[in-house]
Amino acid sequence: MAKIRLFIDHPLAGGQPAELNADQAHYLSGVMRLAPGAEIALFNGRDGEWLARITAAGKRGGEVEVLHQTAPQRDPPDLWLIFAPIKKARTDFIVEKAAELGSARILPVQTDFTNAERIRQDRLQAHAVEAAEQCGGTFVPQVEALQPLSRLLSGWDESRRILWADEAAAGPAESLAGLPPGPWAVLIGPEGGFSPAERDRLRALPFVTRISLGPRILRADTAAVAALTLWQAAIGDWK
Ligand code: SAM
């Protein structure tokens, strides 16, 4: 089994060549010291994982020969993470863990108490790719642009339920085993929590399920991991 796994946005089929960009070629030849002939694993988020042999790798780019499929495409459950960005490193952590924990889509939102004015969507997407490369996944969640939570809720498709972690519900956490299957989204607030107006709006929405994440107030990054874990263990692909 190849030790190195790379995501490339390129169709993958046996016997076909695939281009490596300069960063990928430099990583393989300059950092990992691999020479032509060495084998790596590739995935593109659609066609599963494939073994490939390096045919050229230099400063300006490289090329591999795609050999055969080593793992089928495995998409995560239809689970999104909606979260309010916090400090940069911790926001990076949330995106990385959401990718590892099997989120299909990641939606950063601005809430009433969110401090972050902007995010680096390209950097966060790169973190999602790295997480997929590291965890053996063949799927990479799309990190969306930052948008107001109010606008996201206004255009919400009500067939997707929202699992809202509300810090004001802190206390005994009920089992999620009884949640209905189907498309879901987990909603995590910022360091400052949800505003009273947001809480009133969310409580009135029929497709929102309000949950506790236990008796202690968790940091937003801890809460994101906890909520995704509970959902995956209860009705996700950990069963
Ligand atoms: N400033 C808030 C306070 O002091 O109550 C805490 C917000 S907490 C740092 C960030 C987010 O994590 C919350 O908005 C919520 O989504 C989630 N969270 C943290 N602890 C939680 C708990 N015990 N139950 C439910 N959600 C929790």
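By convention here, each chain's residues receive numbers from 1 onward along its written sequence. It should be noted that, the model being predicted, local features are given only for residues of pLDDT at least 70 and side-chain atom pairs only at 80 or more, the latter also being counted only at that level, while totals for whole chains, interfaces and linings use all residues. Note that the side-chain values use all heavy atoms of the structure and ignore hydrogens as well as water.

Engineer: So what's going on with unusual backbone geometry? Which residues, and what values?
Structural biologist: Even without being a glycine, Arg33 presents a positive backbone phi close to 55 degrees. Summarising the element assignment, Arg33 is placed in the loop between α1 (22-31) and β3 (39-43). Using a relative accessible area of 67% as the deciding quantity, one classes Arg33 as exposed. Every helix listed is a DSSP run of H or I at least four residues long, and every strand listed is a run of E at least two residues long, numbered separately from the N terminus. Any residue under 20% of the maximum accessible area for its type is buried, any over 50% is exposed, and the rest in between are partly exposed; the area is computed with a 1.4 Å probe on protein chains only.

Engineer: Outline the sheet that holds strand β1 (residues 5-7), supporting the account with residue identities and numerical values.
Structural biologist: Strands were regarded as paired on the criterion that DSSP finds at least two bridges between them. In space, the 5 strands of this open sheet follow the order β1-β3-β4-β5-β2, with mixed pairing throughout. Either end of the sheet is taken by a strand with one partner, and the two such strands are β1 and β2 (17-20). Each adjacent strand pair in this sheet contributes to an overall mean axis angle of 40 degrees, direction not counted. By the bridge criterion, 8 bridges tie strand β4 (residues 49-58) to strand β5 (residues 61-71) in an arrangement that is antiparallel. Counted as the bridge partner of Glu49 is Ala71 from β5. Contacts from helix α3 (residues 121-135) reach β1 and β3 within the one sheet, and its direction differs from that of β1 by about 150 degrees. The convention used is that axes are lines fitted to C-alpha atoms, helices contributing only their stretch in contact, and that angles between N-to-C directions extend from 0 to 180 degrees. By definition in these notes, contact holds between two residues if any of their heavy atoms fall within 4.5 Å.

Engineer: Just give me the short version of the site of the ligand, but keep the residues and values in it.
Structural biologist: Proximity criterion: a residue is near a molecule or strand once any of its heavy atoms comes within 4 Å of it. What surrounds the ligand is a group of 20 residues, the closest being Ala165, Glu167, Glu191, Leu213 and Arg216. Two N or O atoms form a polar contact when they lie within 3.5 Å of each other; inside protein one atom must be a possible hydrogen donor and the other a possible acceptor, and for residues adjacent in sequence the pair counts only when both atoms belong to side chains. Take Glu191: an N or O atom from its main chain is 2.7 Å from a nitrogen atom of the ligand. At a separation of 2.8 Å, a nitrogen atom of the ligand approaches a polar backbone atom of Leu218. Here the ligand loses 84% of its free accessible area of 590 Å² to cover by the protein chains. In the shell around the ligand, the residues fall into 11 nonpolar, 5 polar and 4 charged. Every accessible area reported is derived by Shrake-Rupley at a probe size of 1.4 Å, with residue values counting cover from the shown protein chains alone. Just so you know the grouping, Ala, Val, Leu, Ile, Met, Phe, Trp, Tyr, Cys and Pro go in nonpolar, Asp, Glu, Lys and Arg go in charged, and all remaining residues, Gly too, go in polar.

Engineer: Give me the lowdown on the packing of helix α2 (residues 88-100) against helix α6 (residues 220-235), citing residues and values where you can.
Structural biologist: Running from N to C, α2 and α6 point in directions that differ by 10 degrees, and their axes come no closer than 9 Å. In terms of their interaxial angle, α2 and α6 are classed as roughly parallel. Between α2 and α6, the contacting residues are Arg90, Phe93, Ile94, Lys97 and Ala98 on the first element and Ala220, Asp221, Ala224, Val225 and Leu228 on the second. Split by residue class, the contact of α2 with α6 holds 7 nonpolar, no polar and 3 charged. An angle below 35 degrees is read as roughly parallel, one above 145 as roughly antiparallel, one from 65 to 115 as roughly perpendicular, and any other as oblique.

Engineer: Explain the nonpolar core to me, using residue names and the numbers behind them.
Structural biologist: A general feature of soluble globular proteins is that nonpolar side chains tend to end up buried together. Leu81, Leu163, Val186 and Ile188 are the most contacted members of the largest nonpolar core, which totals 37 residues. Every element with two or more residues in this core is listed here: β6 (79-83), α2, α3, β10 (161-165), β11 (184-188) and α6. Element by element, the count of residues in this core is highest for α6, at 7 residues. Setting aside chain neighbours within four positions, we find Ile188 in contact with Leu81, Ile82, Phe83, Ala84, Ala165, Phe194, Ala220, Ala223, Ala224 and Ala227. Put simply, a nonpolar core is a bunch of buried Ala, Val, Leu, Ile, Met, Phe, Trp, Tyr and Cys residues held in one set by side-chain atoms that sit within 4.5 Å of each other. Ile82, Leu107, Ala185 and Phe194 belong to the second-largest nonpolar core, a separate cluster that totals 18 residues.

Engineer: Go over the pattern of salt bridges, please, and point to the residues and values.
Structural biologist: Salt bridge, as applied in this entry: a Lys or Arg side-chain nitrogen positioned within 4 Å of an Asp or Glu carboxyl oxygen. Under the definition given, this model contains 16 salt bridges. Each member of the salt-bridge network shares a partner with another, and the members are Asp166, Glu167, Arg199 and Arg210.

Engineer: Account for α3, with residues named and values stated.
Structural biologist: What a helix is expected to span follows from its residue count: subtract one and scale by 1.5 Å. The terminal C-alpha atoms of α3, which comprises 15 residues, lie 21 Å apart, in line with the 21 Å expected from a rise of 1.5 Å per residue. Those residues of α3 that fall on the buried side of the exposure criterion are Leu124, Gln125, His127, Ala128, Val129, Ala131, Ala132 and Glu133. Elements that come into contact with the buried residues of α3 comprise β1, β3, α2 and β8 (142-143). Positioned one or two residues after α3, Gly136 has a phi angle of 85 degrees, which is positive.

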